Every structure is written in C-alpha cells, then in structure tokens.
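# Coordinate analysis (summary)
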Amino acid sequence: MATVIAVAGKGGTGKTLVSALLIQYLIDGGRGPVLAIDADPSTNLDLTLGTSVDETVGDIREETSQQVSSGAFAPGISKPDYLELRVNQALMENDGYDLLAMGRPEGPGCYCAANNMLRQSIDRLSKSYKYVVIDNEAGLEHLSRRTTENVDLLLIVSDPTIRGLATAERVSQLIHELKTQVGHIRLIVNRVPRGQDGEPVLLPHLEQFIEDKQLRLAGVIPMDPLVAQYDSEGRPLVQLPQDSPARRAVEGAFDSLDGLV
Ligand SMILES: Nc1ncnc2c1ncn2[C@@H]1O[C@H](COP(=O)(O)OP(=O)(O)O)[C@@H](O)[C@H]1O
Ligand SMILES: [Mg+2]
C-alpha cells in the first residue's frame, strides 16, 4: 500500500518546490517508485521535475464526455477498463517515478460517471507505488473530490506571515470536514529570511502564532535565490545543487518526521 503525501497551501507559497524536492529525495533514498500527481492545473510540476506531460486526466474526461454526448463512445471493452487504459497511457514514465497530471477540473455538466471511474483507476494505480506525492492546487478541490484514497501526510506550505499562517490553520481545520481521511498534518514555512549564520530564522511573533494555534511545524525553508533563478530560467528545480539551502531544508523537514510516514 502506497504512503500518500499531499502538499497543500495558498498559491505561490512553494507547494511545487516542496513536492519536486521531496519526490527527488524519496527516489534518491531508494524509497521509490514514486507516483507524482500534479493536481494543480495552473502550474507545471513536470517542468520542475525535468519532464513533460502530453495528456492529462482532464483531457481524457473531456474526450470521453464528448464521445458519450455525440453517441460515438463505443470502446469495445468495458468503460472502466477503457478509462484505466487511457490513464495508463497518460502516465509519464521516468527514472524512479511516474507522473500523472490531473489537468483542468471538471466543469458543470461533467460526465461524473467517467470521473468516478477515473478516480478508481488512479486509486488502483497508486497501489503499485511506495509513495504517492500530490502537488495540490490552492483550493483543496482534488482532496475534497478525493483524487486519491486517504492521505497519510498533509504538508501545508505557508509564507512567513500571520495571514499565511492563518490560512494554513484554516486549511487544517477544513480537512476534518472532507471525506478524505488525513493521517498527519504538518506545516512548512517557506521563504523565511536567513539570519547571520545563513540559517532561516522565524520571527518571534510567527513562532508564537504557530504555538498558539498548535500548528505542527515540520520545518522552515529559507529564501533561496537559486530557486527563483532556476524557475525564471525554466530549469528543473530537481537540478538544484545538493547543498542548496532550499533542498537541504525540504530534506530536513522530511527527516524530522522521523518515520511518521
Ligand atoms: N524558498 C524560496 N526561495 C526563493 N523563491 C522561492 C522559494 N520558494 C518558492 N519560490 C518561488 O516562488 C514561486 C512560487 O513557488 P511554487 O513552488 O511554484 O509555489 P506554488 O506551487 O505553491 O504555487 C516560484 O516562482 C518560485 O521560484
Ligand atoms: Mg504549484
């Protein structure tokens, strides 16, 4: 059974950075194979990982609903088998990990039967991996619609502001209202300014807020100019140097969980 890690938080907080570096860390540590799920239609986990995706689950859903509404849907095999086959075709296979992009969420008037079947095939697919890492979009649409079965670890990424942390707190509250069961929730604060020794330093009022709200902090990631530079040049973040502060911080945050997942 795969361990499912979902990365959530407001847009631009660093979810894709955390997801990409975590996926690489799991693979390098021999903890693969990993299924990477890009559940954010507005960003590209594939580029961050140094690969590219041609087809998304959303494309399959739209293609299927068009065929159904025009009466042209006659796959010759059962619908669930057909959709499973198509999901496998959309899966981008790489060294140590496979990547599946969810694409656009379904609009109104969706062919929901297809959606349910797609979800079930993703659930089945997940079982053949050791880890599933889901890079979520800003809302929790995919989690609330159960893109996958239960989540073992939810990492909420926040910027180092009270407003950001308050959103992170709301997200962790909201989780309890979802159908998805979440094993553990941890906070990661990103883009934290560095002190004189180069290590990221959380300001006392942020530390206090985290303590007051009983948010469980897994780690802090410093502001790292190389991250911005790589992104601006379109270079995969997984190619960041081994000793890059952002990479070390993501690895440290995961290590701090110490066998939790
Ligand atoms: N620690 C960091 N240091 C510098 N820039 C960062 C850092 N984390 C993220 N960024 C930049 O912030 C932007 C948003 O990051 P991203 O991971 O795409 O966020 P999200 O997936 O949450 O939208 C990107 O341009 C990225 O380069
Ligand atoms: Mg993103």
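Let me begin by describing the structure that accompanies this report. These numbers come from a predicted model, not from an experiment.

## Structural notes on the environment of Leu-153
- Summarising the element assignment, Leu-153 is placed in strand S6 (residues 151-158).
- Note on Leu-153: relative accessible area 0%, which makes it buried.
- Between the alpha carbons of Leu-153 and Leu-257 there is a distance of 10.0 Å; along the sequence they are 104 residues apart.
- Discounting chain neighbours no more than four positions away, the residues touching Leu-153 are Val-4, Ile-5, Ala-6, His-184, Arg-186, Leu-257 and Val-261.

## Focus: the packing of aromatic side chains
- Going through the model one piece at a time under the given rule, you end up with one aromatic pair.
- Taken together, a centroid distance of 6.3 Å and an interplanar angle of 90 degrees make the contact between Tyr-25 and Phe-254 edge-to-face. Taken together, the residues Tyr-25 in helix H1 (residues 15-28) and Phe-254 in helix H10 (residues 245-256) connect sequence positions 229 residues apart. We note that Tyr-25, like Phe-254, is buried.
- Cation over ring: Arg-31 sits above Tyr-25, and NZ or CZ is 5.6 Å from the ring centre.
- Cation over ring: Arg-235 sits above Tyr-230, and NZ or CZ is 4.1 Å from the ring centre.

## What to know about the site of ligand 1
- Taken together, 17 residues sit near ligand 1, with Gly-12, Lys-15, Thr-16, Arg-191 and Asp-231 positioned nearest.
- Note that an oxygen atom of ligand 1 is positioned 3.0 Å from one of the backbone N or O atoms of Gly-14.
- Across the complex, the protein chains shield 84% of the 560 Å² of accessible surface that ligand 1 would expose by itself.
- Of all the elements in the fold, those that place two or more residues in the shell around ligand 1 are H1, strand S7 (182-192), strand S8 (217-222) and helix H9 (225-233).

## A word on the pairing of S6
- Across the eight residues that make up S6, a large majority, seven, are buried.
- Where strand S1 (residues 3-9) lies against S6, five bridges are found, and the strand directions are parallel. Looking at S6, one finds that Gly-9 is bridged to Val-157.
- As judged from the seven bridges shared by S6 and S7, these two strands associate in the parallel manner. Counted as the bridge partner of Val-157 is Ile-188 from S7.
- Each parallel crossover has a hand, and for S6 linked through helix H7 (residues 162-175) to S7 it is right-handed.

Conventions we followed
- Residues numbered from 1 in each chain as written.
- Chains lettered and ligands numbered in written order.
- Predicted model: local features only at pLDDT ≥ 70, side-chain atom pairs only at ≥ 80, totals over all residues.
- Heavy atoms only, no water.
- Helix = DSSP H or I, 4+ residues; strand = E, 2+ residues; numbered from the N terminus.
- Buried < 20%, exposed > 50% of the residue type's maximum accessible area, 1.4 Å probe, protein only.
- Contact = heavy atoms within 4.5 Å.
- Phe/Tyr/Trp six-rings, centres within 6.5 Å; stacked < 30°, edge-to-face > 60°.
- Lys NZ or Arg CZ within 6 Å of the ring centre and 35° of its normal.
- Near = heavy atom within 4 Å.
- Polar contact = N/O pair within 3.5 Å; in protein donor to acceptor, adjacent residues only side chain to side chain.
- Areas by Shrake-Rupley, 256 points an atom, 1.4 Å probe, with all protein chains shown as cover.
- Pairing = 2+ DSSP bridges.
- Right-handed = clockwise from strand over helix to strand, strands pointing away.

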